[in-house]
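# An overview of the molecular structure
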Protein chains: 2
Amino acid sequence: MSKGELTRQTIVDAATRVASRVGLGGLTIGSLAADTGLSKSGLFAHFNSKESLQLQVLDHASARFVDLVVRPALKAPRGEPRVRELFDHWFAWCRDELSAGCLFVAAATELDDQPGPVRDQLAKVQRDWLETIATVFATGISEGQFRADADPEQFAQDLYGVMLAYHHASRLLDDPRAEQRARRALDRLLEAARVPS
Amino acid sequence: MSKGELTRQTIVDAATRVASRVGLGGLTIGSLAADTGLSKSGLFAHFNSKESLQLQVLDHASARFVDLVVRPALKAPRGEPRVRELFDHWFAWCRDELSAGCLFVAAATELDDQPGPVRDQLAKVQRDWLETIATVFATGISEGQFRADADPEQFAQDLYGVMLAYHHASRLLDDPRAEQRARRALDRLLEAARVPS
DNA sequence: CCATGGTACGAACGATCGTGCTATTACTCT
DNA sequence: AGAGTAATAGCACGATCGTTCGTACCATGG
């Protein structure tokens with residue numbers, strides 16, 4: 001790996017951390033250069049535009065998301081255990097990024113009214129995420145754990161709602177009971193989806 | 001009412017609309033002055049700081065929120081009808097603000113990592129909102145419509161989660177089925193909360 | 001060992017940011 | 001109607017934004 005490629009990754013990694021605090025639009029070349037010890041122009045030369053930097057941050061973050069959340073969860077047994085793992089790893093993800101919350105959640109409300117390549121890319125990533133949830137749930141249906149008449153896409157939106165409400169109550173409102181309520185909500189969702197015994 | 005007070009309200013009203021598109025931090029004195037036909041310094045004189053403008057926007061928006069969402073819903077019969085009215089009016093609110101989504105949702109993820117008076121004020125407004133939901137639900141318990149062992153604060157977080165998931169799927173992902181799923185999720189929440197017959 | 005090219009720097013650009021001053025205009029009240 | 005005050009404009013400030021350019025460094029392959 002060339003030297004330039006290495007520092008590029010260092011920059012993108014740092015930018016990802018910053019962006020989960022201030023959003024993708026809040027990224028600035030200047031402060032990012034100060035963070036990484038580079039000059040403004042030296043850093044800029046790696047991307048040629050701020051938009052390109054934002055796109056690379058998005059790519060980097062979604063690759064990490066797959067590594068830290070999706071892939072580990074897929075090792076769990078199909079059905080309910082796998083759904084719970086997905087949930088737990090998402091929690092860890094959104095707390096561990098230097099406790100700066102989930103970059104995607106922050107970017108979602110920031111970009112939903114600003115058309116362009118960055119918004120398109122974010123929408124793709126989030127569609128993939130919801131589809132992952134839906135697929136994992138659908139597998140649980142095939143396994144006979146969940147009701148055959150359950151709607152995977154409904155479940156995906158419901159589950160993400162639980163996550164978003166947690167993110168809101170926990171990060172903005174500092175409510176210590178937010179996580180407990182989120183786990184309770186997950187239990188209820190799963191209970192309602194299980195085949196009647 | 002003095003002339004200054006009148007133009008101040010005009011400015012804040014315009015700023016509120018802009019902010020639901022670009023966020024509170026995305027507000028700029030310059031572009032806002034252009035929008036309202038004032039000079040930059042003329043507009044600035046009404047607020048003396050950008051932060052003060054942001055706070056006034058927050059106040060204005062929350063007053064309108066109470067007028068358009070909370071107060072009308074309180075006219076509905078207690079319990080389930082009132083919850084549904086709250087839900088419906090919130091939908092209308094977040095669609096009608098020139099179809100720019102809910103200002104509070106946008107500001108929530110924007111400010112959750114930026115301490116200061118604006119964040120504090122937003123947190124207060126959102127706490128009030130969740131408390132409103134919880135209180136409306138609790139009234140339904142007293143009325144005997146909802147289970148006595150139900151937790152109003154749990155319900156509030158759950159319901160807001162449904163709203164946030166709708167906001168996300170509808171505004172970022174342009175999913176036309178988002179609303180239908182949200183209504184379905186509400187039905188399930190209410191069903192689970194009703195006293196067993 | 002030297003030449004080539006990738007890598008980073010410093011300076012500067014026009015624009016725009018929030019924020020002060022100082023006039024001048026416009027309203028309000030007696 | 002005129003005095004006094006409130007409201008707005010004009011201009012300028014230092015900072016910072018993204019971006020460009022020319023140049024120096026330094027690592028690597030011949």
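Remember, it's a predicted structure, so these values are computed and weren't measured experimentally. (Residues numbered from 1 in each chain as written. Chains lettered and ligands numbered in written order. Predicted model: local features only at pLDDT ≥ 70, side-chain atom pairs only at ≥ 80, totals over all residues.)

## A word on the interface of chain A and chain B
Accessible area lost on assembly of the parts is the figure often given for the size of an interface. Our working definition: We call two residues in contact when the distance between their C-beta atoms, placed using the backbone, is within 7 Å. Note on conventions: DSSP H or I runs of at least 4 residues are helices, E runs of at least 2 residues are strands, and numbering of each starts at the N terminus. For this scheme, ten residues count as nonpolar: Ala, Val, Leu, Ile, Met, Phe, Trp, Tyr, Cys and Pro. Four count as charged, namely Asp, Glu, Lys and Arg, and the remainder, Gly too, count as polar.
Contact residues are listed per partner, giving 33 residues for chain A and 33 residues for chain B. Of all elements in the fold, only helix 6 (103-111), helix 7 (117-142), helix 8 (152-172) and helix 9 (178-193) of chain A reach the threshold of two or more residues within the side of chain A that touches chain B. Tallied by class, residues from the side of chain A that touches chain B come to 15 nonpolar, eight polar and 10 charged.

## As for unusual backbone geometry
Test applied: The exposure label follows from counting other C-beta atoms within 10 Å of a residue's C-beta, where the C-beta atoms are placed from the backbone and the thresholds are 20 or more for buried and 12 or fewer for exposed, leaving partly exposed in between.
The phi dihedral of N48(A) is positive, around 70 degrees, even though this residue is not glycine. Along the chain, N48(A) falls in the loop between helix 3 (40-44) and helix 4 (50-74). Here the phi dihedral of D174(B) falls at roughly 55 degrees; this positive angle occurs in a residue that is not glycine. Topologically, D174(B) is positioned in the loop between helix 8 (152-172) and helix 9 (178-193). Accessibility expressed as a C-beta count within 10 Å gives 11 for D174(B), which makes it exposed.

## Let's talk about the protein's contact with DNA strand C
How we decide: Any residue qualifies as near a molecule or strand once its backbone-derived C-beta atom lies within 6 Å of it.
Close to DNA strand C lie 22 residues, the nearest being G4(A), S41(A), G42(A), G30(B) and S41(B). For the surface near DNA strand C, the elements supplying multiple residues, two or more each, are helix 1 (3-22) and helix 3 of chain A together with helix 2 (29-36) and helix 3 (40-44) of chain B. Considering each element in turn, the surface near DNA strand C owes the most residues, four residues, to helix 1 of chain A. Per-class residue counts for the surface near DNA strand C are four nonpolar, 12 polar and six charged.

## Structural notes on the packing of helix 7 of chain A against helix 8 of chain A
Residues and elements named next belong to chain A. The condition that has to hold: Between the N-to-C directions of two axes lies an angle of 0 to 180 degrees, each axis being a line fitted to C-alpha atoms and, for a helix, fitted only over the stretch in contact. By definition in this entry, angles of less than 35 degrees are roughly parallel, angles greater than 145 are roughly antiparallel, angles of 65 to 115 are roughly perpendicular, and the rest are oblique. Put simply, a crossing is left-handed when the front helix is turned counterclockwise from the back one by less than a right angle, and right-handed when it is turned clockwise.
Where helix 7 contacts helix 8, the two axes come as close as 8 Å, and the packing angle between them is 125 degrees. On the basis of the axis angle, helix 7 is oblique to helix 8. Relative to helix 8, the crossing made by helix 7 is right-handed. Residues L130, I133, A134, F137 and A138 of helix 7 pack against P152, E153, F155, A156, Q157, L159 and Y160 of helix 8. Tallied by class, the residues present in the contact of helix 7 with helix 8 amount to 10 nonpolar, one polar and one charged.

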